[in-house]
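A structural walkthrough
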Amino acid sequence: MIASGTDQVPERIAAALEPRFTVVRETSRRARQVWLDTFDRRLHAAGLALRQVAGAGCDELVLSTSADADVACERLQAPRWPRLLDVIPAGPLRDRLEPVVEIRALLPLARAEGTLTRLRVLNRQRKTVAHITVDAASLVRPAPGVLPTRLVIAPVRGYQTAADRAGRLLTAADGFAPSRHPAIESVLEMTGQRPGDSAGSGEITLSPAMPARGALAGVLLRLADTITANVSFVIRDVDIEFLHDLRVAVRRTRSALKLAGDALPAGMAARFAPEFKWLGDLTTPTRDLDVYLAGFDQMAAGLSAASPGDLEPFRAHLAARRRTERRRLVRGLRSARFTGLMADWRSALEAAAEPSPGPEPDIGSLAADRIARAHRRVLRLGSALARAGSGDGPSGTDLHSLRKRCKELRYLLEFFGSLYDPAAYRRAVKNLKGLQDCLGEFQDGEVQREAIRGFAAQMLARRDVRAAGRQAAARRQAAAPPTAAELAATLLAMGELTAQLHARQLRGRAEVADRFAQFTRARILRTLGIADRAARS
Amino acid sequence: MRVIATYNIKGGVGKTSAAVNLAYLSAADGYRTLLWDLDPQAAASYVFRVKPRVKGGAKALIRGARPLDDAIKGTDFDGLDLLPADFTYRNMDLALNQAKRPTRRLSRLLGPLADEYDVVFLDCPPSISLVSENILHAVHVLLVPLIPTTLSERTFDQLTSFIDDQTGRKPEVLAFFSLVDRRKRLHRDITTRLPAGRSDVATAIIPSMTLVEQMSVRRAPVPAFAPRSAAAQHYRELWAELRARARLR
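Residues numbered from 1 in each chain as written. Chains lettered and ligands numbered in written order. Predicted model: local features only at pLDDT ≥ 70, side-chain atom pairs only at ≥ 80, totals over all residues.

**A look at the overall build of chain A**
Test applied: Helix and strand assignments follow DSSP, with helices taken as H or I runs no shorter than four residues and strands as E runs no shorter than two, numbered in order from the N terminus. Residue burial is a threshold on neighbouring C-beta atoms within 10 Å of the residue's own C-beta, all placed from the backbone, with 20 or more meaning buried, 12 or fewer meaning exposed, and counts in between meaning partly exposed. Residues are defined as contacting one another if the C-beta atoms placed from their backbone atoms lie within 7 Å.
The helix and strand tally for chain A stands at 18 helices and ten strands. Burial statistics for chain A: of 537 residues in total, 33% are counted as buried. Within chain A, contacts between residues at least 6 apart in sequence are counted, and of these 72% link residues at least 24 apart.

What follows is the structure, given as structure tokens:
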């Protein structure tokens, strides 16, 4: 419920409820509130709102539903947000948040300061039948502003009827009205953070008749926004998804330059492609290590001969490598090269987005042409593999080429997705994804096996360095170095991991033929309504 | 969930005062607490300003036609709920007698509350009846207020031997001296002699104090309206002993 104005709200409530109920002021305290959500607004999407309430001896995290009903709460001294979920002690609140928030960090959306006044509503026997909390607060960040004064009526157990009656009396009184939307919506509205506005998550909707160059530049500008929006979070290492999102935007940019760069002004693709390759390469080592570390427990749980504990020195090694790689990544993202790249790229795109005087191809035809071409390449390579498919099956190199062609097709589909019927688009991507998954299983297994060999060599080399008395190197490592016996156990466990990966690779390879046949049958061009002229001629 | 009953065959010994104050202290310690006012005189319900009425009365509750859950009322204190008394509780023996396994009925009724409460207090009517027998089966600790007289010592012995004769799980018994008047020599003698010899008598005592009588005027537990009073302190000491006896973490 909302009270108009901020003056004497408790007194006005008391007047509205008389003579049926008496209102007693129980507590009144200054409170700071911080609304929290993930960068991609997962809580909001799940119909939840999380806020930290702090002040006057009370620190708690409160989770409420879109109907403003509190569902879980945990006492917690306000940490410095953003933080990952592990800051919240195990309990009902964390259980409720975990499936929604997953590995993302909780970021502060807005901060407010104000007064929380708790009133007791007494019946004629002077028994408390409900509590009313009056929340009068003003936003402090990101922009100042007075929030509507909210009233939350909480019935005492067994007195719902009386609380409902109090609610009805208030609604009927002047200056009180039922709230049309939950508190978080007012906060988002006032701070200009409407749901889905999280920087970079919005997609540009293309229509087929748009001039190709301008439309392409528009989508690329949006991807540049995503890259920029994620950078500061990557630098602060808030959660690993920021780097992932940044990389996806870079990959999409690179494939647009490669596969449709000719639609941009002459020389632009050739100028920027090597720079985005540099940016992509800069991010790869940290991302690979993020993936390893995030899946580490699952990987360790899959061991049968070795025990998961044997892998701990491997985990420590990965964490140390990640620290090193992250320093390199942060240096790169703070470099003049990166800042210059983004500034030049943006001004080039803005120039390209200007309408050109002469006739231009439309984005619908460009997209159809490029998707059809990429599709043909996948079919050609895949059919050749299927024909050669005997004995041990296709070679690793051939599968890798097919995977790269599939990726190109996937990026084009995603890049131009908004041109097509959403259901058809989803079907097309799903079919392609089936094929990509088993190719990925094979290729990732190959890459990971190589990487594990590399890590093993690094671990042995580092041990030799320490054994030679280079104490300074050892001091840099927080954890004590593993003994020879521990290292041997770790290496054996790592060997078992490579064996598991190999088994996965074989399974992936065995599936490729079937998946490819399914992909061919799916006729995704027809699904999307794209005519493949070259195939017909 | 731990179930504690305040019980004595005799009336007017401070059962309800103990139940109300200890339930309040339990909730104040963070235990989710329910107090079931089983006494048709409804003194505990009166203190908490809850109407002594349960829809369908004792019969509906005992038969399970109305879950206990539905009849529970929140008190004015966080974490403390009350299952009010009803005048029909005076016929609870009849209702129990008509139920299946009549001596275990209360225990079964309390079962579903285990997720919701950490501690349940039963404020029992003074008698030896089917209700008392039910209570012995349902509770973990039987808290017995005793007025320090030779006669009440005998009554307590009778009660402990009655419990010893029961089959199945037996509750822990903890007696405490209530309405103690330090000016009386007999009171002084008994309250020092008896706890020394036996583990089932609490060292904490509740003196006879005006403030305790004030509960029915102020209609609130003593530690709520006079938190710094000596009376509140005595109840806190008793609660500390009871909490240990009930093995509450």
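Structure shown, so let's carry the discussion forward.
**Topic: the overall build of chain B**
Across its full length, chain B carries 13 helices and eight strands. Counting the 249 residues in chain B, one finds 46% classified as buried. Contacts in chain B between residues at least 24 apart in sequence constitute 78% of all its contacts with a sequence separation of at least 6.

**Description of the sheet that holds strand β6 (residues 141-146) of chain B**
Pairing between the strands of a sheet comes from backbone hydrogen bonds, and it takes one of two forms, parallel or antiparallel. Residue and element names in this part refer to chain B. Counted only if it meets this: Only strands that DSSP links by at least two bridges are regarded as paired with each other. Axis definition: a line fitted to C-alpha atoms, over the contacting stretch in the case of helices. Angles run 0 to 180 degrees between N-to-C directions.
Taken in spatial order, the eight strands of this open sheet run β3-β4-β2-β5-β1-β6-β7-β8, and their pairing is mixed. If you trace the sheet from one side to the other, it starts and ends with β3 (73-74) and β8 (201-207), each paired once. As defined by bridge partners, strand β1 (residues 2-6) adjoins strand β5 (residues 119-123) across five bridges and the pair is classed as parallel. Among the inter-strand pairings, Val3 is bridged to a residue of β5, identified as Val120. Strands β1, β2 (33-37), β4 (80-83), β5 and β6 of the sheet are contacted by helix α1 (residues 15-28), whose axis makes an angle of about 165° with β5. Sitting on the sheet, helix α8 (residues 150-164) is in contact with β6 and β7 (172-180), with an inclination near 165° to β6.

**As for the nonpolar core**
Spelled out, the test is: Only buried residues count toward a nonpolar core: Ala, Val, Leu, Ile, Met, Phe, Trp, Tyr and Cys, linked into one set through C-beta atoms within 7 Å.
Counting residues in each nonpolar core, the largest one holds 111 residues, and the members touching the most others are Val121(A), Val187(A), Leu216(A) and Ile371(A). Here this core takes ten residues from helix α6 (residues 212-236) of chain A, the largest share from any one element. With 79 residues, the next largest nonpolar core counts Ala5(B), Trp36(B), Val54(B) and Leu61(B) among its residues.

**As for the packing of helix α7 (residues 240-260) of chain A against helix α13 (residues 396-415) of chain A**
Residues and elements named next belong to chain A. Keep this limit in mind: Just so you know how the angles are binned, under 35 degrees is roughly parallel, over 145 roughly antiparallel, 65 to 115 roughly perpendicular, and the rest oblique. The nonpolar class holds Ala, Val, Leu, Ile, Met, Phe, Trp, Tyr, Cys and Pro. Asp, Glu, Lys and Arg form the charged class, and all remaining residues, Gly among them, are polar.
Following both chains from N to C, one finds α7 and α13 inclined at 100°, their axes separated by 10 Å at the closest point. When the axes of α7 and α13 are compared, the pair comes out roughly perpendicular. Here Arg251, Arg252, Ser255, Ala256 and Leu259 of α7 lie close against α13, whose contacting residues are Glu408, Tyr411, Leu412, Glu414 and Phe415. Residue composition of the contact of α7 with α13, by class: five nonpolar, one polar and four charged.

**Digging into helix α7 (residues 130-138) of chain B**
All buried positions along α7(B) are accounted for by Val131(B), Asn134(B), Ile135(B), Leu136(B) and Ala138(B). Looking at the buried side of α7(B), the elements it contacts are β1, α5 (92-98), α6 (105-110), β5 and α8 of chain B.

**A look at the interface of chain A and chain B**
Taken together, the eight residues of chain A in the interface contact seven residues of chain B. Of the residues that constitute the side of chain A that touches chain B, the class distribution is two nonpolar, three polar and three charged.

**Comments concerning the environment of Leu501(A)**
Residue and element names in this part refer to chain A. On the secondary structure map, Leu501 appears in helix α16 (residues 484-522). Classification of Leu501 as buried rests on a count of 21 C-beta atoms within 10 Å. For the pair Leu501 and Gln448, spaced 53 residues apart in sequence, the C-alpha to C-alpha distance is 7.7 Å. Not counting residues up to four positions away in its chain, the partners in contact with Leu501 are Gly445, Gln448 and Arg449.

**Re unusual backbone geometry**
Pro82(A) follows Trp81(A) through a cis peptide bond whose omega is 0°. Within the fold, Pro82(A) resides in the loop between β5 (70-75) and α3 (92-101). Cis peptide bonds are those with omega within 30 degrees of zero, and the linkage from Arg141(A) to Pro142(A) qualifies with 0°. Structurally, Pro142(A) can be placed in the loop between β7 (128-141) and β8 (145-146). Residues other than glycine seldom take positive phi values, yet Arg126(A) does so here, at roughly 60°. By the element assignment, Arg126(A) lies in the loop between β6 (107-122) and β7. A positive phi angle, close to 55°, is found at Arg247(B), a residue other than glycine. Tracing the chain through its elements places Arg247(B) in the segment after α13 (230-245).

**What to know about the environment of Ala130(A)**
Residue and element names in this part refer to chain A. Along the chain, Ala130 falls in strand β7. Residue Ala130 is classed as buried on the basis of its 25 C-beta neighbours within 10 Å. Apart from the residues lying within four places of it in its own chain, the contact partners of Ala130 are Val121, Ile153, Ala154, Pro155, Val156, Tyr159, Ala162, Ala163 and Ala166.

**Here's the deal with the environment of Arg80(A)**
Its location among the elements puts Arg80(A) in the loop between β5 and α3. A C-alpha to C-alpha distance of 9.4 Å links Arg80(A) and Pro108(A), two positions 28 residues apart in sequence.

**Observations regarding the pairing of β1(B)**
Residues and elements named next belong to chain B. Of all five residues making up β1, four are buried, and the element is well covered by its neighbours. For β1 and β6, the ladder comprises three bridges, and the chain directions are parallel. Opposite Ile4, over in β6, you have Val141 as the bridge partner.

**Concerning the confidence of the model for chain B**
To keep things clear, this is the line we draw: Confidence per residue, as judged by the predictor, is encoded in pLDDT with a range of 0 to 100.
On average, residues of chain B score 89 in pLDDT, and 100% of them are at 70 or above. Interface scoring of the predicted complex returns ipTM 0.84; its pTM is 0.69.

**Structural notes on the confidence of the model for chain A**
Residue and element names in this part refer to chain A. The pLDDT averaged across chain A works out to 86; a share of 92% of its residues lies at or above 70. No element of chain A has a lower mean pLDDT than helix α15 (residues 471-476), at 48, and none a higher one than helix α11 (residues 336-353), at 95. Low pLDDT, under 50, characterises residues 195-201; the predicted model gives this stretch 15 contacts beyond four residues in sequence or across chains. pLDDT under 50 marks residues 469-475. Its contacts with residues more than four places away, or in other chains, come to five contacts.

**Regarding the pairing of β6(B)**
Residues and elements named next belong to chain B. For the record, the criterion: We call a crossover right-handed when, viewed with the strands running away from us, the connection from the first strand over the helix to the second turns clockwise.
With six of six residues buried, β6 is to be regarded as a mostly interior element. With burial as the criterion, each face of β6 is covered, one bearing Val141, Leu143 and Pro145 and the other bearing Leu142, Val144 and Leu146. Sheet topology note: the β6/β7 ladder contains six bridges and is parallel. Bridging from a neighbouring strand, Pro145 pairs with Phe176 of β7. With α8 bridging β6 and the parallel β7, this β-α-β connection has right-handed handedness.

**Quick notes on helix α5 (residues 183-190) of chain A**
All names here are of chain A. Using the following cut-off: This arc corresponds to the set of directions leading from the helix axis out to the C-beta atoms.
Along α5, the residues classified as buried are Ala183, Ile184, Val187 and Leu188. Buried residues in α5, looked at end-on, bunch into an arc of 130°, giving them a common side. Looking at the buried positions of α5, the neighbouring elements they touch are β2 (22-37), α2 (42-45), β3 (48-55), β6, β7 and β9 (149-155). Phi for Gly192, located one or two positions after α5, is positive at around 70°.

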